[in-house]
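Structural features, examined
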Amino acid sequence: MDDLLQTRAATADATALTERLRAGLPAEALITDADVMASYAHDMASFCEAGVPAVVVLPRTVEQVQHVMRTATELRVPVVPQGARTGLSGAANASDGCIVLSLVKMDRILEIDPVDRIAVVEPGVVNAALSRAVAEQGMHYPPDPSSWETCTIGGNIGTAAGGLCCVKYGVTAEYVLGLDIVLADGRLLSTGRRTAKGVAGYDLTRLFVGSEGSLGIVVKAVLALKPQPPRQLVLAAEFTSASAAGDAVRRIMERGHVPSLMELMDGTTVRAVNAMANMGLPESTEALLLVAFDTPDPAADLAAVGELCTEAGATEVVPADDVAESEMLMQARRLSLPALEAALGTTMIDDVCVPRARLSDMFEGVEAIAEKYDTKIGVCAHAGDGNTHPIVCFDPTKPDDVRRAKEAFDEIMALGLRLGGTITGEHGVGVLKKEWLARELGPVELELQRQVKRTFDPLGLLNPGKLF
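Within every chain, residues take consecutive numbers counted from 1 along the sequence as written. Totals for whole chains, interfaces and linings use all residues, but because this is a predicted model, local features are given only for residues with pLDDT of at least 70 and pairs of side-chain atoms are given and counted only at 80 or more. Each side-chain value is worked out from all heavy atoms of the structure, with water and hydrogens disregarded.

1. Re the sheet that holds strand β9 (residues 188-192)
Strands pair in a sheet through their backbones, by hydrogen bonds, and they do so in one of two ways: parallel or antiparallel. Stated precisely, the cut-off is as follows: Only strands joined by at least two bridges in the DSSP assignment are considered to pair. Think of it this way: any DSSP run of H or I at least four residues long counts as a helix, any run of E at least two long counts as a strand, and we number them from the N terminus. Lines fitted to C-alpha atoms define the axes here, with helix axes fitted over just the stretch in contact, and angles between the N-to-C directions of these axes take values from 0 to 180 degrees. Throughout, a contact is declared for two residues whenever any of their heavy atoms are within 4.5 Å.
Here five strands make up an open sheet; going across it, the order is β5-β6-β10-β8-β9 and the pairing antiparallel. Both edges of this open sheet fall to β5 (109-113) and β9, since each of them pairs with a single strand only. Between one strand and the next, the sheet's axes are offset by a mean angle of 10°, whatever the strand orientation. Pairing of strand β8 (residues 176-182) with β9 involves five bridges; the strand directions are antiparallel. Within the sheet, the bridge partner assigned to Gly178 lies in β9 and is Gly192. This element, helix α4 (residues 127-135), spans β5, β6 (118-121) and β10 (217-224) of the sheet and lies at about 40° to β5.

Spelled out as structure tokens, the structure:
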């Protein structure tokens, strides 16, 4: 009887919420069908709980977002902001009874200015769509997460996303100049600037970048652009150990080279890619290093880096002669995750960033963890900035496999902290790494961050259960 009463009360609350929302939204902006709402319940992370939303809202205007937040505040209903749900930490997962606020319909590129080198966009603009649009005007938006063909700028801002080009061009946070934010109570806040320089007051813009929707809803962003660089050329170097490849990375950075990309794949990943795409890499390859330059004379840069790889113990160094060959070499890196999934089952992707000098220690440590737990772990890394992605493979139908995968995942994060690193370089904390965030920050910083959260969201309605 109690369960029946609770169900009826929840239904009544959801109906009242929907009616209040409907008063300020077009009919097509509201989704209440249970099966459709289920598709909005979670992102792409493994092992992250997701609740059942009361309603999904897809606004098209700032005023509609403000209406949603005012309604949520009045009725004390939590709100979970979402982009394309390509995240890997559970940061976009629904909570029971929440409003899922999907911003994918706010997808307009409002302005591209080649003089001031900025773009002004709504949060639902897809990363690749922006990149192509600015390229038509000779400009370049560098942040390029692996999911760039589907992920949105709003989601990139929420997680401070990175990508393959971070070694030279940096992450999303370095390109966000200003934001329009709808606060928890529905007020509209504008932060930052359009100018090349600006230091007026606290930098609230950077505070929102990486906040995973816990402080406010991004409804517009002013983004910095770069001139379009020359097409890059890529070099592939094969090694018999990840340690030797890590030594090559150290030598390259120590000599002052500035590659546009530097990616590292371990032997497990290389063999999975070989099996999927017949890349022709020797089975003895235990590490594959890809280095690219988009300089005026990339061939000369590749030759210099090739010598350093040989000095570090590379068994073969293959520089590309043209862009087409470069793209072929890069295909191996892009296939890493699907190849591991095809060969070894479900994957759980970690995101630990360590100092470049400890990259070899990270690879060797992960290899030891894989052996300890009798678990396949493939590692690929944005080697130029030390951001590693250990990919734990397991069979979700076998409880012991799942247990060992979780324990291996935790040990990998502990290893990263011991090496002076961080638990996440670009994927964010979300649900997956809440416990580890507290360990990394320590009690003083953790309490200060919670106070910041309370300042912007005193009722705790924005993306509850994430980060802390």
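2. Comments concerning helix α9 (residues 267-277)
To be explicit about the condition: Burial classes: relative accessible area under 20% of the type maximum marks a residue as buried, over 50% as exposed, and values in between as partly exposed (1.4 Å probe, protein chains only).
For α9, the complete set of buried residues consists of Gly267, Thr269, Val270, Ala272, Val273 and Asn274. Of the surrounding elements, those touching the buried residues of α9 are β13 (261-266), β14 (287-293), α11 (323-334), α12 (336-344) and β18 (377-382). Directly beyond the C-terminal end of α9, a positive phi value near 50° is found at Asn278.

3. Here's the deal with the confidence of the model for the protein chain
So the rule is basically this: Note on scores: pLDDT gives the predictor's confidence for each residue, bounded by 0 and 100.
On average, residues of the protein chain score 93 in pLDDT, and 97% of them are at 70 or above. For residues 1-9, every residue scores under 50 in pLDDT, and the model assigns this stretch zero contacts once sequence neighbours within four places are set aside.

4. Section: the pairing of strand β3 (residues 79-82)
Side chains on a regular strand alternate between the two faces of the sheet. Burial of the side chains of β3 extends over both faces: Val79 and Pro81 are buried on one face and Val80 and Gln82 on the other. Examined bridge by bridge, β3 and strand β4 (residues 99-102) share four bridges and lie parallel to one another. In the strand pairing of β4, Gln82 is matched with Ser102.

5. Examining the pairing of β6
Here β6 shows a buried face lined by Ile118 and Val120 and a second buried face lined by Ala119 and Val121. Bridge analysis of β5 against β6 gives four bridges, and the strand direction is antiparallel. Note that in β6 the partner of Asp113 across the bridge is Ile118. The loop that links β5 with its antiparallel partner β6 comprises four residues; one of these, Arg117, has a positive phi angle of about 55°.

6. With respect to the sheet that holds strand β1 (residues 30-31)
Reading across from one edge, β1-β2-β4-β3 is the order of the four strands in this open sheet, with mixed pairing throughout. Both edges of this open sheet fall to β1 and β3, since each of them pairs with a single strand only. As paired elements, β1 and strand β2 (residues 55-57) share two bridges and run antiparallel to each other. The residue of β2 that forms the bridge with Ile31 is Val56. Most of the contacts of helix α3 (residues 62-75) go to β4, to which it runs at about 165°, and overall it touches β2, β3 and β4.

7. Overview of the packing of aromatic side chains
Heads up, the rule is: Any two rings among Phe, Tyr and Trp, with Trp reduced to its six-membered ring, count as a pair given centres within 6.5 Å; such a pair is stacked if its planes are under 30 degrees apart, edge-to-face if over 60, and tilted if neither. We call a charge positioned over a ring when the NZ of a Lys or the CZ of an Arg lies within 6 Å of the ring centre and within 35 degrees of the ring normal.
Summed over all chains, the structure comprises three aromatic pairs. Between Tyr141 and Tyr175, the aromatic rings sit 6.0 Å apart at their centres with planes inclined by 75°, giving edge-to-face as the arrangement. Of this pair, Tyr141 sits in the loop between β7 (139-140) and α5 (153-159) while Tyr175 sits in the loop between α6 (166-169) and β8; the two residues are 34 residues apart in sequence, bridging distant segments of the chain. Residue classification places Tyr175 among the buried positions, given a relative accessible area of 2%. Its guanidinium or amino end placed over the ring of Tyr40, Arg85 lies 4.6 Å from that ring's centre, counting from NZ or CZ. Geometry around Trp436 places Arg439 over its ring, the cationic atom sitting 4.0 Å from the centre.

8. Comments concerning the pattern of salt bridges
Here is the rule: Note on definitions: salt bridges are taken to be side-chain nitrogens of Lys or Arg within 4 Å of carboxyl oxygens of Asp or Glu.
Taken as a whole and judged by the stated rule, the model has 25 salt bridges. A salt bridge links Glu407 to Arg403; its shortest N-O distance comes to 3.1 Å. One end of the pair, Glu407, and the other, Arg403, are both in helix α14 (residues 399-418), four residues apart, so they sit about a helical turn from each other. Here Glu407 falls in the partly exposed class, since its relative accessible area comes to 32%.

9. A short note on the nonpolar core
Across soluble globular proteins, you tend to see nonpolar side chains buried next to one another. Stated formally: Remark: nonpolar core denotes a set of buried residues (Ala, Val, Leu, Ile, Met, Phe, Trp, Tyr, Cys) joined through side-chain atoms within 4.5 Å.
Ranked by size, the top nonpolar core spans 56 residues in total, and within it Phe239, Leu289, Cys309 and Ile377 carry the most contacts. Per element, the largest residue contribution to this core is seven residues, and it comes from α14. If sequence neighbours within four positions are ignored, Ile377 has contacts with Asp266, Thr268, Val366, Ile369, Ala370, Pro390, Ile391, Val392, Ala408 and Ile412. Within the second largest apolar cluster, 33 residues are counted, among which are Ile157, Tyr169, Leu183 and Val222.

10. Here's the deal with the packing of helix α13 (residues 359-372) against α14
The test is simple: Here is the rule for angles: anything less than 35 degrees is roughly parallel, anything more than 145 is roughly antiparallel, 65 through 115 is roughly perpendicular, and the remaining ranges are oblique. Each crossing gets its handedness from the near helix: less than a right angle anticlockwise from the far helix is left-handed, clockwise is right-handed. Only Asp, Glu, Lys and Arg are considered charged in this grouping, and only Ala, Val, Leu, Ile, Met, Phe, Trp, Tyr, Cys and Pro are considered nonpolar; every other residue, Gly among them, is considered polar.
Here α13 crosses α14 at 155°, and the two axes come no closer than 10 Å. Compared by their axis directions, α13 and α14 come out roughly antiparallel. Crossing hand, α13 versus α14: right-handed. Note on element contacts: α14 touches α13 through Ala408, Glu411, Ile412, Leu415 and Gly416, opposite Met362, Gly365, Val366, Ile369 and Lys372. Of the residues that constitute the contact of α13 with α14, the class distribution is six nonpolar, two polar and two charged.

11. Some remarks on α13
The line we're drawing: Expected span, for any helix, means 1.5 Å times one less than how many residues it has.
An ideal rise of 1.5 Å per residue puts 20 Å on 14 residues; α13 measures up with 20 Å between its terminal C-alpha atoms. Within α13 the residues assigned to the buried category are Leu359, Ser360, Met362, Phe363, Gly365, Val366, Ile369 and Ala370. Elements that come into contact with the buried residues of α13 comprise α8 (242-254), β13, β17 (352-353), β18, β19 (387-394) and α14. Immediately beyond the C-terminal end of α13, within one or two residues, lies Asp374, with a positive phi of roughly 50°.

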